Amino acid sequence: MAANPLTGNLLIKLQNGTTSTGKIRVKTLSYDIRPDAQDLDVYQVAQAIASLQTKPLYTIVRQNNFELVY
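Computed from a predicted model, the values in this text were never measured in an experiment. (Residues numbered from 1 in each chain as written. Predicted model: local features only at pLDDT ≥ 70, side-chain atom pairs only at ≥ 80, totals over all residues. Heavy atoms only, no water.)

A. Quick look at the overall build of the protein. Per the secondary structure count, the protein includes one helix and three strands. For 70 residues, the compact-globule estimate of 2.2 N^0.38 gives 11 Å, and the protein exceeds it by more than 25% at 15 Å. Projected onto its principal axes, the C-alpha coordinates of the protein cover approximately 50 × 25 × 15 Å. By residue count, 16% of the 70 residues in the protein fall in the buried class. Nonlocal contacts in the protein, meaning residues at least 24 apart in sequence, comprise 63% of its contacts between residues at least 6 apart. Of the roughly 5,200 Å² that the protein leaves accessible, carbon and sulfur atoms contribute 51%. (Helix = DSSP H or I, 4+ residues; strand = E, 2+ residues; numbered from the N terminus. Rg over C-alpha atoms; globule rule 2.2 N^0.38 Å. Buried < 20%, exposed > 50% of the residue type's maximum accessible area, 1.4 Å probe, protein only. Contact = heavy atoms within 4.5 Å. Areas by Shrake-Rupley, 256 points an atom, 1.4 Å probe, with all protein chains shown as cover.)

Shown next as structure tokens:
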């Protein structure tokens, strides 16, 4: 079985205040990335983008989609 990379996404989640119950409200910035990009490179780009924002960084998420071929 082989896994062929299809798409990649970078999600940068920022703290966007709190709800009335005290839960953190999150704003998500989404970017298309190459699925074969190195994790460290993706992380460094996310950190650079987050440093330009006025809201604090909450988390960085990388999503890759693959086609499974048998």
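From this point on, the discussion continues.
B. Molecular detail of the sheet that holds strand 2 (residues 24-33). On the basis of which strands lie adjacent, the open sheet formed by three strands has the order 2-1-3 and antiparallel pairing. At either margin of the open sheet sits one strand with a lone partner, and together these are strand 2 and strand 3 (57-69). The average undirected angle you get between the axes of adjacent strands in this sheet is 25°. With 12 bridges joining them, strand 1 (residues 2-18) and strand 3 adopt antiparallel strand pairing. If you follow Ala2 over to strand 3, its bridge partner there is Val69. (Pairing = 2+ DSSP bridges. Axes fitted to C-alpha atoms, helices over the stretch in contact; angles between N-to-C directions.)

C. View of the side chain of Asn9. The topology assignment puts Asn9 in strand 1. Residue Asn9 is classed as buried on the basis of its relative accessible area, which comes to 18%. Leave out the neighbours within four places in its chain, and Asn9 touches Tyr31, Asp32, Ile33, Val61, Arg62 and Gln63.

Taken by themselves, the reported measurements are silent on function.
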